[in-house]
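Each chain, written out:
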Amino acid sequence: MEFEKLQQFLKDEEAARITALREEEEQKSQKMKEKIEKMTEEISSLSEQIRAIEQELGAEDISFLQSYKDTQNRAQCTLGDPEKVSGPLIDVAKHLGNLKYRVWEKMLGTVQYTPVTLDPNTAHPLLSLSEDLTSVRLCDERQQVPDNPERFHRWGCVLGSEGFSSGTHCWYVEVGEEDWWVGLVKESISRKGDVDLSPAGGVWGIGLISGEYRAMTSPPTVLTVQRDLQRVRVQLDWDRGKVSFSDPSDNTPLYTFKHSFTERLFPIFGTLETVQICPLKVSVSVK
């Protein structure tokens, strides 16, 4: 769907540029036509004067002398040099200068960027992913999907498509009023059996579980929040061994895990309703 939108955007952009070029060409052509018409009228007027003077010059001596003053005045050409037309050519630079950059800049308003996308090959059969792989919801019936080794069998969740083994990373998740959980898990976590939902089992996350906001510690830590969460910010600093959760509406910290990571971590999402990975606002800076 996003690819189709991108194709349509590029077609619309191409059509808009062709239209702009044609409009400028028509404007330039009309301006040149008006200038040519004006010059033609001036040439015609000057030709008439020349023919009249030639007739008077061919008259008899007395008649010529009598009209000499008038003939002399009429022979004075008052036409100036032809006016040079500024910008007669199409402004190619305006239409083609920095073309790739300007097309990309316009695309920012059409194409969204999410720092995390979901991996459908890991999704539990009761979960359904959106076409753009940015949201997951619980289904009424099991999906007909392959029972591949990467897919979770007993734990209703799905992983992000990309893992992290260094650096800092951040993403936002829109959550609902039914049970949900978000966070990170180690790459080697069991996909088919029971999972210890704590750092000891390779899970660092928080969630709304049985109507209570909890951090997935052992035992679980109840979180105190001023109001129901609508979005959660997940931040990973792999090198410093920190996974932090906060409420982005007012930057209230929710919980921070500290651990010395030894393997790649993957974002994880689970829900009894729907969770959505939020797109980030992309800006352009020129240096």
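Quick summary incoming for the structure in this document. (Residues numbered from 1 in each chain as written. Predicted model: local features only at pLDDT ≥ 70, side-chain atom pairs only at ≥ 80, totals over all residues. Heavy atoms only, no water.)

So, about the overall build of the chain. Along its length, the chain carries five helices and 13 strands. Here the chain displays about 18800 Å² of accessible surface, and carbon together with sulfur accounts for 50% of that area. (Helix = DSSP H or I, 4+ residues; strand = E, 2+ residues; numbered from the N terminus. Areas by Shrake-Rupley, 256 points an atom, 1.4 Å probe, with all protein chains shown as cover.)

Quick look at the side chain of Asn148 now. Along the chain, Asn148 turns up in the loop between strand S2 (135-138) and strand S3 (157-159). Given the relative accessible area of 15%, Asn148 is considered buried. Looking at Asn148, its side chain comes within polar contact range of the side chain of Glu150, at 2.7 Å. Within the local environment of Asn148, its side chain forms a polar contact with the side chain of Arg151, the two groups lying 3.1 Å apart. (Buried < 20%, exposed > 50% of the residue type's maximum accessible area, 1.4 Å probe, protein only. Polar contact = N/O pair within 3.5 Å; in protein donor to acceptor, adjacent residues only side chain to side chain.)

Attention shifts here to unusual backbone geometry. A cis amide bond links Ser218 with the next residue in sequence, Pro219, at an omega value of 0 degrees. Mapped onto the fold, Pro219 is located in the loop between strand S7 (212-215) and strand S8 (221-222). Even without being a glycine, Ser210 presents a positive backbone phi close to 55 degrees. By the element assignment, Ser210 lies in the loop between strand S6 (203-209) and S7. Residue Asn251 is not a glycine yet carries a positive backbone phi of 60 degrees. Locating Asn251 in the fold gives a position in the loop between strand S10 (242-247) and strand S11 (252-258).

Attention shifts here to the sheet that holds strand S9 (residues 231-237). Pairing is antiparallel across the open sheet formed by seven strands, whose spatial order is S1-S2-S13-S4-S9-S10-S11. Either end of the sheet is taken by a strand with one partner, and the two such strands are strand S1 (127-129) and S11. Taken over all neighbouring pairs, the strand axes of this sheet differ in orientation by 20 degrees on average, direction set aside. Across three bridges, the pairing between S2 and strand S13 (residues 274-277) is antiparallel. (Pairing = 2+ DSSP bridges. Axes fitted to C-alpha atoms, helices over the stretch in contact; angles between N-to-C directions.)

The next point concerns the packing of aromatic side chains. Geometrically, a pair of aromatic rings is defined through the distance of the ring centres and the angle of the planes. A complete count under the given rule lists seven aromatic pairs for this structure. Between the aromatic rings of Phe245 and Phe257, the centroid separation amounts to 6.2 Å while the plane-to-plane angle is 80 degrees, which identifies the pairing as edge-to-face. Residue Phe245 is found in strand S10, and its partner Phe257 is found in strand S11; the two are separated by 12 residues along the sequence. Of the two residues examined, Phe245 and Phe257, each falls in the buried class. Following the ring pairs from residue to residue traces out a cluster consisting of Trp204, Trp238 and Phe261. (Phe/Tyr/Trp six-rings, centres within 6.5 Å; stacked < 30°, edge-to-face > 60°.)

The biggest cluster of nonpolar side chains holds 33 residues, and the ones touching the most others in it are Trp180, Val182, Ile206, Val232, Phe245 and Phe269. For Val232, the contacting residues outside a window of four places in its chain are Trp171, Tyr172, Val173, Val175, Trp180, Val182, Ile206, Phe245, Ser246 and Pro248. The next biggest cluster of nonpolar side chains, apart from the first, holds 12 residues, and it includes Trp155, Trp181, Val195 and Phe266. (Core = buried A, V, L, I, M, F, W, Y, C linked by side-chain atoms within 4.5 Å. Contact = heavy atoms within 4.5 Å.)

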